[in-house]
Amino acid sequence: MEDEDVVGALEGKVIAVTGAGRGIGRAVAIAAAAEGAAVVVNDYGVSVDGKEPTSEVADAVVGEITAAGGRAVANAQSVTTMEGGASIVQQAVDSFGRIDAVVCVAGILRERMLFNMSEDEWDPVIATHLKGTFTVFRAAAPIFREQKSGTMIGFTSGAFAASVAQANYSAAKGGIVSLVRSAAAGMYKYGVTANCIAPVARSRMSGQVPFGLEMGEPEDVAPMVCFLCSDHARGVTGQVYTVNGGRVAVWNQPHEVREMRKDGRWTVEELAARFPEVGQEPMPILDRLKEMEAAARSGQKPNQ
Ligand SMILES: NC(=O)c1ccc[n+]([C@@H]2O[C@H](COP(=O)([O-])OP(=O)(O)OC[C@H]3O[C@@H](n4cnc5c(N)ncnc54)[C@H](O)[C@@H]3O)[C@@H](O)[C@H]2O)c1
């Protein structure tokens, strides 16, 4: 065959992708297999709000990959338990002999304003996104440490910066950014990398985004994930990348921007008097909300 000499960017690697039955995870699994990786396709097969699990969703993607000549196995466990996370990594080792990257895409939504949010809307969202990234990272970490290589990828969202009606989702996504940065720091001396993707892509989940947003396809996100899992990205770690259609952007690292000092403890009056020296940092979402309010008052559609 003519193509035999063409070596994919992930040839010889074994990659586990969670939430790989639909949307972005599916696109990542298919692209990784096309780049030569053997893939564990994990998906609990649930509705957008995390209910009614079925194993058919993961099986279907494995069918697509194998029909195209790739290598893949299905895993229908939930990432929310330690056993589920461990089973995904174990299945990679049992089926393909090793694990080189874990990509945690699984997610659900339970939108509600903070003043109405119940424990049943908070806990499963945190469990699926934040704990569901931890369970898989945790299972892979000792193996990566031992082999002195490996890639961890978490999926965050621009909503980690703040969200009006998704405090649970925003908190989980902010947690994932901190988990990924901590993994990058903690695993640095073992040659292991950890990065985050903040995707924007048309899927059943983004169908619920309340306002119009320029949006690419799940397949547009996959190449960046494959790049980060490949040897091309060996030294890339601790980063957050937005991927939307043909746009890739890097987020800044959190750091202090201003300070004020005195000798000893402040009084409230002193703080009130000198507060402008530290002041506030602009919060972009508040400006956008003001814009939307003004537009609503004047009966216009806000600028997208
Ligand atoms: N689509 C976007 O524009 C967008 C924007 C920001 C962030 N994200 C994030 O990207 C990721 C993928 O989103 P998507 O749009 O492809 O969503 P999607 O709903 O199409 O896919 C998510 C998949 O995760 C699976 N899943 C849910 N709970 C699970 C569990 N406990 N264990 C294993 N699998 C589980 C679902 O069955 C589903 O197939 C999510 O983490 C999401 O928060 C997406």
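Residues numbered from 1 in each chain as written. Predicted model: local features only at pLDDT ≥ 70, side-chain atom pairs only at ≥ 80, totals over all residues. Heavy atoms only, no water.

1. Examining the domain arrangement of the protein
Cut-off, in case you're wondering: Just so you know, the domain bounds were taken from an automatic or database domain assignment.
Parsing the protein into structural domains produces domain 1 (10-250) and domain 2 (256-304). Taking only C-alpha atoms into account, the centre of domain 1 sits 34 Å from that of domain 2.

2. Some words on a nonpolar patch on the surface
Under the convention used in this document: Residues enter patches when their relative accessible area tops 30% and they take part in no salt bridge; the joining distance is 9 Å for like charges and 5 Å for the nonpolar side chains Val, Leu, Ile, Met, Phe, Trp and Tyr. Residue-level accessible areas treat just the shown protein chains as cover; the underlying method is Shrake-Rupley with a 1.4 Å probe. Salt bridges are defined by distance alone: a side-chain nitrogen of Lys or Arg within 4 Å of a carboxyl oxygen of Asp or Glu. We count a stretch as a helix when DSSP gives it H or I for four or more residues in a row; a strand needs E for two or more, and each element gets its number in order from the N terminus.
Taken together, the side chains of V164, M283, L286 and L289 present a nonpolar region at the surface, about 310 Å² in accessible area. Within the secondary structure layout, L286 lies in helix 8 (residues 284-298).

3. Quick look at helix 8
Spelled out, the test is: An expected span of 1.5 Å times one less than the residue number is assigned to each helix.
The first and last C-alpha atoms of helix 8 sit 21 Å apart over 15 residues, in line with the 21 Å expected at 1.5 Å per residue. The first or second residue beyond helix 8 is G299, which carries a positive phi of 75°.

4. Thoughts on the site of the ligand
Threshold: Consider each residue's heavy atoms; a residue with any of them within 4 Å of a molecule or strand counts as near. Pairs of N or O atoms within 3.5 Å make up the polar contacts considered here, provided that, within protein, one atom can donate a hydrogen while the other can accept it, and that residues adjacent in sequence are counted only when both atoms are side-chain atoms. In the scheme used here, Gly and all other residues not listed as nonpolar or charged are polar, with Ala, Val, Leu, Ile, Met, Phe, Trp, Tyr, Cys and Pro taken as nonpolar and Asp, Glu, Lys and Arg as charged.
Taken together, 31 residues lie around the ligand, and I24, D43, V105, Y169 and S203 are the ones closest in. A distance of 3.1 Å is found between a nitrogen atom of the ligand and a backbone nitrogen or oxygen belonging to V79. Contacts to the ligand include V105, whose backbone N or O atom sits 2.8 Å from an oxygen atom. For the ligand, the accessible surface in isolation is 840 Å², of which the surrounding protein chains cover 97%. Of all the elements in the fold, those that place two or more residues in the shell around the ligand are helix 1 (23-34), helix 4 (119-147), helix 5 (167-187) and strand 6 (192-200). Its residues assigned to classes, the shell around the ligand shows 13 nonpolar, 14 polar and 4 charged.

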